[in-house]
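# Structural description and commentary
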Amino acid sequence: MTHPSHPSRRRVLWALPASTALVYSGAGLAQTGPIKLGGTLPLTGGNASIGKVAQATMQLWLDDINKRGGLLGRKVELVIYDDQTNPTLTPGLFTKLLDIDKVDLLVGTGTNLIAPAMPLIMERKKLLMGNLALGVNDQFKYDKYFQIMAYGPNGKDELSRGFFEVAAKLNPKPQTVALVGADSEFANNALEGARNHAKRLGFKIVYDKSYPPNQVDFSSVVRSIAAVKPDLIFAGSYVADSSGLIRAAAEIKLKATMFGGAMVGLQVAALKQQLSGVINGLVNYELYLPEPTMQFPGIKDMITRYRTATAGQGLDALGFYVPPTSYAQLQVLEQAITATKSLNDDVLGSYIHKTTFKTVAGDIKFAPGGEWAEPRILMTQFQKVNGKELAQFDQPGTQVILYPEKFKSGNLITPFPIGN
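What counts, and where the lines are drawn
Here the residue numbering is sequential within each chain, running from 1 through the sequence in written order. Only residues with pLDDT of 70 or above have their local features reported here, since the model is predicted, and side-chain atom pairs are shown and tallied only from 80 upward, although totals for entire chains, interfaces and linings are computed over all residues. As a convention, hydrogens and water are excluded, and side-chain values are obtained from all of the structure's heavy atoms. Each helix is a run of DSSP H or I of at least 4 residues and each strand a run of E of at least 2, with the numbering of both proceeding from the N terminus. Contacts are assigned to residue pairs that have any heavy atoms within 4.5 Å of one another. Two strands form a pair only when DSSP identifies at least two bridges running between them. With axes taken as lines fitted to C-alpha atoms, and helix axes fitted only over the stretch in contact, angles between N-to-C directions fall between 0 and 180 degrees. A simple rule labels every residue: compare its accessible area, found with a 1.4 Å probe on the protein chains alone, to the largest value its type can have, and call it buried under 20%, exposed over 50%, or partly exposed in between. For crossovers, right-handed means that the path from the first strand over the helix to the second runs clockwise, given strands pointing away from the viewer. Salt bridge, as applied in this entry: a Lys or Arg side-chain nitrogen positioned within 4 Å of an Asp or Glu carboxyl oxygen. We call Phe, Tyr and Trp rings a pair once their centres come within 6.5 Å, taking the six-membered ring for Trp, and we label the pair stacked below 30 degrees between planes, edge-to-face above 60, and tilted otherwise.

## Structural notes on the side chain of Ser326
Mapped onto the elements of the fold, Ser326 is located in helix α12 (residues 322-340). Once residues lying within four places of it in the same chain are set aside, the contact partners of Ser326 are Ala54, Thr57, Met58 and Asn131.

Pasting the structure below:
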């Protein structure tokens, strides 16, 4: 699905579902020999809201690069298939990208969606620039895999590190923690890291359970947690269950020193608005916030253009979560191709490993395993959410950064929920 404005800038081959690719190309450049970047996005299914935001942001970069003359004097195309948020489809789709579409380089999004395609990518010795993928290369250790989300080399630990580091500095120090999450790869990885930090910092785990990914009613889950009266509650969840857990916590008046952690969905406008009445005090991870400590060159302009391009499309109206990394994902490839004057996977992989890249998401340098050399998962707290007006989330102090220290913009307020 393309943005309806500026139709002359691209041609679209579109017929859904997974068997059909969206091909985006710039106008005004030679129509032969394009550089093709290919991948999949979840444009339908459970992660469609994330996939469509990534798609819109990648189109911004594509328009930008082709306005500047493309890469290596050639126009650039993005060949994107809808993987329908179905991991079983991605190996076949990447096969088609390589064998039929003859793409030059690969991009991908999502832990559960990238992992099944890795054996094929490794067999073909292709470079992959991934995004929003947690710990995928831990098992493969592939030298041409790169991941643009700021997990760092020990991704499973980094998603939860800030939560426990902040808790450990409280006086008096909390003693007990409850761990809860969906029985899925992302949540399981997040909870594994949480167990490691709880042990390392001396927190006693008094509850550690998963629920089915399709769980709808969370009242019983939250009541079970409340029954053991933990000081800390760390959750690993996707969009629907993040909302369900928080609503259930509000209904039973759950109290804790800290509640939150690795809850997907709370980074986007819709859920921030929907939960505005019960969200203050919640501690959760983010990738970017418009706090004074994170004013990277180009970030504000890119988010403004994203908002303009997606207005009225029902996509995330803030653009803090997926757009910075989606745009940076392609900036890294752009800078590597320009510097090496090559599309060779080995040449580009070697260059990316040894280079620091300037992006809208800040400076990025990769560790040997393809993750960021220096992790930057933010731990934040909602503190001044008042009503559903979106403009408040552009204001410093509405949601402050607690960790890491380099980007800290506020202090933790306890207990959860604030004001109760």
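## A look at the sheet that holds strand β9 (residues 232-237)
Read from one edge to the other, the open sheet built from seven strands follows the order β8-β7-β9-β10-β11-β14-β15, with strand pairing classed as mixed. A strand with exactly one partner marks an edge of an open sheet, and here the two such strands are β8 (204-211) and β15 (399-403). The mean angle between the axes of side-by-side strands here comes to 25°, regardless of whether they run parallel or antiparallel. Two strands pair when backbone bridges link them, and strand β7 (residues 176-182) and β8 are joined in this way by seven bridges, in the parallel orientation. Looking across to β8, one finds that Val180 is bridged to Lys209. Together, β7, β8, β9, β10 (258-263) and β11 (283-286) form the strand contacts of helix α7 (residues 185-201), whose direction differs from that of β7 by roughly 165°.

## Overview of the pairing of β9
Of all six residues in β9, six are buried, a share of seventy percent or more. Residues of β9 alternate between two faces, with Leu232, Phe234 and Gly236 on one and Ile233, Ala235 and Ser237 on the opposite face, all of them buried. Taken together, the five bridges between β7 and β9 define a ladder with parallel strand orientation. Across the sheet, residue Val177 finds its bridge partner in β9, namely Leu232. Alignment of β9 against β10, held across six bridges, turns out to be parallel. In the strand pairing of β10, Gly236 is matched with Ala262. Crossover β9 to β10 through helix α9 (residues 239-251) is right-handed.

## Description of unusual backbone geometry
In this structure, Pro172 follows Asn171 across a cis peptide bond, with omega equal to 5°. Tracing the chain through its elements places Pro172 in the loop between α6 (155-168) and β7. Here the amide bond leading from Phe416 into Pro417 is cis, since omega sits at -5°, within 30 degrees of zero. In this fold, Pro417 is placed in the segment after β15. Of note in the backbone geometry, Gln84 takes a positive phi value of approximately 60° without being a glycine. When you line up the elements, Gln84 lands in the loop between β3 (76-82) and α2 (90-99). The class for Gln84 is partly exposed, based on a relative accessible area of 28%.

## Focus on the pattern of salt bridges
Once their charged atoms are close, side chains differing in charge can pair, the charge on each being opposite to the other. Tallying each qualifying case throughout the model produces 15 salt bridges. Among the ionic pairs, Lys144 bridges to Asp143, the shortest N-O distance being 3.5 Å. We classify Lys144 as buried; its relative accessible area is 7%. Notably, a salt bridge pairs Asp394 with Arg307, separated by 2.9 Å at the nearest N-O pair. Of this pair, Asp394 sits in the loop between β14 (378-382) and β15 while Arg307 sits in helix α11 (residues 299-310), and the two are 87 residues apart along the sequence. Residue classification places Arg307 among the partly exposed residues on the basis of a relative accessible area of 26%. The network of salt bridges with shared partners includes Asp64, Asp301 and Arg305.

## Observations regarding the packing of aromatic side chains
Under the counting rule described, the total for this entry stands at 13 aromatic pairs. Aromatic pair Tyr211 and Phe218: ring centres 5.1 Å apart, planes at 85°, arrangement edge-to-face. Phe218 gets classed as buried once you look at its relative accessible area, which sits at 2%. Measuring from ring centre to ring centre gives 6.2 Å for Tyr285 and Tyr321, while their planes differ by 70°; the resulting arrangement is edge-to-face. With Tyr285 in strand β11 and Tyr321 in the loop between α11 and α12, this residue pair connects regions lying 36 residues apart in the sequence.

## So, the pairing of β10
The element β10 is largely enclosed, with a buried count of six among its six residues. As judged from the two bridges shared by β10 and β11, these two strands associate in the parallel manner. Across the sheet, Gly261 pairs through a bridge with Asn284, a residue of β11. Regarding the hand of the β-α-β motif, the stretch spanning β10, helix α10 (residues 269-274) and β11 is right-handed.

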